[in-house]
Amino acid sequence: YNKQITMNKSLLLPILFIFLINIVSAADMLKISDFSITYNSDTQRIITEGKTYGELIEPGGSIDISIELTNNFQTNNDINDIEITATLYNITEGEDIIEKESRFDLNDGAVKLKELTIDIPSDAEEVQKQLSVTVTGIDDDGVVYNVQRIVYLNIENEDHDVYIYSSRLNQT
């Protein structure tokens, strides 16, 4: 009886290993191959997860996000209905900014560059904010892919300008 249990465990290990290899290889089929953020003509490539964009971003400005996606399948397996969602969390008291790129397909072996713009409100709180860019899609076999890049942005008004939105003069 003990021999049979040992034999079953020894068969389970190779099967589990093959299963894990398939999960890892499937995760790499849709890949963020390049990612950059541009603010006031300063473009920085963000290769590492969790990195902080090096420039201060002023409230009232905007950032451009460039994301290059690669379909690593080499044979007839497209990734369809890909959607890119950029979320800048808690920009003003509990409010998030969400921008989405319309859905598109990516043929096997193809690379596509997409861009999104996020406008920073003039009343944005001046602290570090988390920006999450999530890419989802489904391949021809029904496998769903979800890749994400998280970076941090420092929102700070360097000049602390005073803005006058309206004025009224009284005659005396």
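Right above here is the structure, for reference.
Thresholds applied
In this convention, every chain numbers its residues from 1, walking through the sequence in written order. Two thresholds apply to this predicted model, a pLDDT of at least 70 for residue-level local features and 80 or more for giving and counting side-chain atom pairs, whereas whole-chain, interface and lining totals are computed over all residues. Hydrogens are left out, water is left out, and the side-chain values use all remaining heavy atoms of the structure. To define a nonpolar core, start from buried Ala, Val, Leu, Ile, Met, Phe, Trp, Tyr and Cys residues and group those joined through side-chain atoms within 4.5 Å. Type-normalised accessible area, obtained with a 1.4 Å probe on protein chains alone, sets the label of each residue: buried when under 20%, exposed when over 50%, and partly exposed for intermediate values. Think of it this way: any DSSP run of H or I at least four residues long counts as a helix, any run of E at least two long counts as a strand, and we number them from the N terminus. We call two strands paired when DSSP finds no fewer than two bridges between them. To get an axis, fit a line to the C-alpha atoms, keeping to the stretch in contact for a helix; angles then go from 0 to 180 degrees between the N-to-C directions. We call two residues contacting when some pair of their heavy atoms lies within 4.5 Å. We define a polar contact as two N or O atoms separated by no more than 3.5 Å, with the added condition that, inside protein, one atom must be a possible hydrogen donor and the other a possible acceptor, whereas residues neighbouring each other in sequence contribute only through side-chain atom pairs. A pair is scored as a salt bridge if a Lys or Arg side-chain nitrogen falls within 4 Å of a carboxyl oxygen belonging to Asp or Glu. Nonpolar side chains (Val, Leu, Ile, Met, Phe, Trp, Tyr) within 5 Å and like charges within 9 Å form the patches, drawn only from residues with over 30% relative accessible area and no salt bridge. Surface exposure here means Shrake-Rupley accessible area, sampled with a 1.4 Å probe, where a residue is shielded only by the protein chains that are shown. Think of it this way: Lys and Arg go in the positive column, Asp and Glu in the negative one, and His and the chain ends go nowhere. One atom stands in for each charge, and that atom is NZ of Lys, CZ of Arg, CG of Asp or CD of Glu.

Caption draft 1: Structural view of the nonpolar core. Within the largest apolar cluster, 35 residues are counted, with the highest numbers of intra-cluster contacts made by Phe35, Ile63, Leu69, Ile118, Leu131, Val135 and Leu153. Only strand S1 (30-39), strand S3 (52-57), strand S4 (62-71), strand S5 (79-92), strand S6 (95-106), strand S7 (111-119), strand S8 (128-139) and strand S9 (144-155) provide two or more residues apiece to this core.

Caption draft 2: Spatial organisation of the sheet that holds S7. What the four strands build is an open sheet, ordered S2-S1-S4-S7; its pairing is antiparallel. The strands lining the two open edges of the sheet, one partner per strand, are strand S2 (42-45) and S7. Adjacent strand axes in the sheet meet at a mean angle of 20 degrees when their direction is disregarded.

Caption draft 3: Fine view of the pairing of S2. Relative to S2, S1 is paired through four bridges, and the arrangement is antiparallel. Each residue of the ladder has a partner; that of Thr38, found in S2, is Thr43. Hairpin connection, S1 to S2: the antiparallel pair is bridged by two residues, and Asn40 has positive phi, about 50 degrees.

Caption draft 4: Representation of the side chain of Asn80. Inspection of the secondary structure puts Asn80 in strand S5. The exposure class of Asn80 is buried, given its relative accessible area of 19%. Every residue in contact with Asn80, bar those within four places of it in the chain, is listed here: Phe104, Asp105, Gly137, Ile138, Asp139 and Asp140.

Caption draft 5: Geometry of the side chain of Asn71. Of note, Asn71 is situated in strand S4. Judged by its relative accessible area of 1%, Asn71 falls in the buried class. One polar contact links the side chain of Asn71 to the main-chain amide nitrogen of Phe73, over a distance of 2.9 Å. From its side chain, Asn71 meets the backbone oxygen of Asn107 in a polar contact 3.2 Å long. Aside from chain neighbours lying at most four places away, what touches Asn71 is Met29, Asn77, Asp78, Ile79, Leu106, Asn107, Asp108, Gly109 and Ala110.

Caption draft 6: Region of interest: the pattern of salt bridges. Taken as a whole, this structure holds five salt bridges when the rule is applied. Arg45 is paired through a salt bridge with Asp34; the nearest N and O atoms lie 2.8 Å apart. Taken together, the positions of Arg45 in strand S2 and Asp34 in strand S1 put the pair eleven residues apart, joining distant regions of the chain. For Arg45, a relative accessible area of 47% puts it in the partly exposed group. Between Arg149 and Glu49 there is a salt bridge whose closest N-O contact spans 3.9 Å. With a gap of 100 residues between them, Arg149 in strand S9 and Glu49 in the loop between S2 and S3 connect regions that are remote in the sequence.

Caption draft 7: Quick look at the sheet that holds S5. The five strands lie next to each other as S3-S9-S8-S5-S6, forming an open sheet whose pairing is mixed. Two strands close off the open sheet at either side, each with one partner strand: S3 and S6. For this sheet the average axis-to-axis angle between neighbouring strands, irrespective of direction, equals 20 degrees. With three bridges joining them, S3 and S9 adopt parallel strand pairing. Residue Thr52 lies in a different strand from S9, and its bridge partner there is Tyr152.

Caption draft 8: Summary view of a negative patch on the surface. On the surface, Asp81, Asp105, Asp140 and Asp141 cluster together into a patch of negative charge. Considering the arrangement of structural elements, one finds Asp105 in strand S6. Assessed through its relative accessible area of 41%, Asp105 is described here as partly exposed.

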